[in-house]
Amino acid sequence: MIALRLDLQFFAGEKTEKATPKKREDSRKKGQVLKSPDVTSAIVLLSVFVFLFFFAGFLRTEIFTFFSVAFTHYMLIETLTIDTAIIIYKDMLIEMAMVLLPIMLVAVVAAIAANFFQFGLLFTTEPLKFDLKKIDPIKGLKRIFSIKAIIELLKSILKISFIGSVTTLILWMNLEQVLSLSFKTGWDTLSTVGWLTGTMGIAASCVLLFISILDFFYQKFDYEKNLKMSKQDIKDEHKNSDGDPIIKSRIRQRQREMAMRRMMQEIPTADVVITNPTHFAIALKYDDESMEAPTVVAKGADFVAQKIKLIAKENNVVMVENRPLARSMYDQVEVGQRIPDEFFKAVAEVLAYVYRIKQKI
């Protein structure tokens, strides 16, 4: 029996259940999202090489303009002053920006798009917070010699092998052009090298993108595995979300007590208390100037009914015994509600009787 109980406790703590929406949302707020860095790297690399492949002519013109101005204008300046140096520095920055900024802009847009497609829009500073656990040497060693580290090593070997094979294949297919570079002019050599570099870059990016898609599915598996919860975790989450049942019960009890006190305070203002006579008591109030129909200000059964009658007696509220009327109104009318039309005749007779008694008094 003890062994069975221990087994059940073990399984209760085992993380076998899928993460709840709340657990996913909490993890997202902490910056723990489904993301493959390789997907972002592959898309950025591919975007940059595609941009260079089609817009290299524009960048080439800007680079030649930069060197042309440097060698034909700046080299002829006889006296270099601080003002002249500032002008040269500013012009060089502008020319270099014309070359580098388009490439950087493409890389930034590609990185944002890649991350957006993976986990949507998210801004959090949680990963930037200082945490001593991150510099724990024992946990660091565990990370180094973990299954995840081995998978990352295999993935790196796979990327190097595939990318190296693809670039080697491209060079082999264009071996004749590579060997003939020594016989070409400088311009033709630059054009051939640029074309080969762009081709190898795009091919390597496509290979990396293929590997990154496989890595994305692995990251998804690992992400779901780390998010898994035990049955006890789910119970605790529901308890925290809905509130502790004991506390909720106390709150409801407190609310009932307050409602009961307010109800008892209304009894002295009632016109009549209709009784069963021992099981039910209904206190009614009617003001022809402010009410369309008599209203129930208090009701109760058994002990509460006795309490209502006691307060009514202490405050000289008339009590009338009418068993069927008391029982019916107790079941159908709540405190604070006007009586239904079906009770008008019976209640009117009771109130008429009460008013006659008060007139005699």
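Scope of this entry: the structure provided in the associated data block. Fair warning: this is a prediction, and the values are worked out from it, not measured in the lab. (Residues numbered from 1 in each chain as written. Predicted model: local features only at pLDDT ≥ 70, side-chain atom pairs only at ≥ 80, totals over all residues. Heavy atoms only, no water.)

1. What about the layout of surface pockets?
Gaps between atoms show up when a probe of the same size as a water molecule is rolled over them. Taken as a whole, the second largest pocket encloses approximately 610 Å³ of empty space. In terms of lining residues, the second largest pocket is bounded by 19 residues, among which Leu52, Ala56, Arg60, Leu190 and Gly194 are the most central. If you list the elements that add at least two residues to the lining of the second largest pocket, you get α3 (37-72), α4 (82-119) and α8 (186-227). Of the residues forming the lining of the second largest pocket, the biggest block, nine residues, is contributed by α3. Here the lining of the second largest pocket is built from residues that sort into 13 nonpolar, five polar and one charged. (1 Å grid on protein atoms, 1.4 Å probe; cavity = no way out; pocket = protein on both sides within 12 Å on 5 of 7 lines; lining within 4 Å. Points joined across faces, edges and corners; volume = space filled by probe spheres on them. Helix = DSSP H or I, 4+ residues; strand = E, 2+ residues; numbered from the N terminus. Nonpolar A, V, L, I, M, F, W, Y, C, P; charged D, E, K, R; others polar.)

2. Quick look at the pairing of strand β1 (residues 272-275)
The two faces of β1 match: Val272 and Ile274 on one face and Val273 and Thr275 on the other face are all buried. For β1 and strand β2 (residues 280-285), the ladder comprises four bridges, and the chain directions are antiparallel. Paired with Ile274 across the two strands is Ile282, which belongs to β2. The antiparallel pairing of β1 with β2 creates a hairpin that spans four residues between the two strands. Sheet topology note: the β1/strand β4 (residues 318-321) ladder contains four bridges and is parallel. Within the sheet, the bridge partner assigned to Thr275 lies in β4 and is Glu321. (Buried < 20%, exposed > 50% of the residue type's maximum accessible area, 1.4 Å probe, protein only. Pairing = 2+ DSSP bridges.)

3. Some thoughts on the packing of aromatic side chains
Remark: the centre distance and the inter-plane angle together describe each pair of aromatic rings, the angle taken between the planes. Considering all chains together, one arrives at five aromatic pairs under this definition. Here the aromatic rings of Phe116 and Phe117 are separated by 6.1 Å at their centres, their planes lie at 65°, and the arrangement is edge-to-face. Ring geometry for Phe280 against Tyr330: centres 4.8 Å apart, planes inclined by 50°, an arrangement best described as tilted. Here Phe280, found in strand β2, pairs with Tyr330, found in helix α12 (residues 323-332); they are 50 residues apart in sequence, far enough to count as distant. (Phe/Tyr/Trp six-rings, centres within 6.5 Å; stacked < 30°, edge-to-face > 60°.)

Shape is all these values report; function is a separate question.
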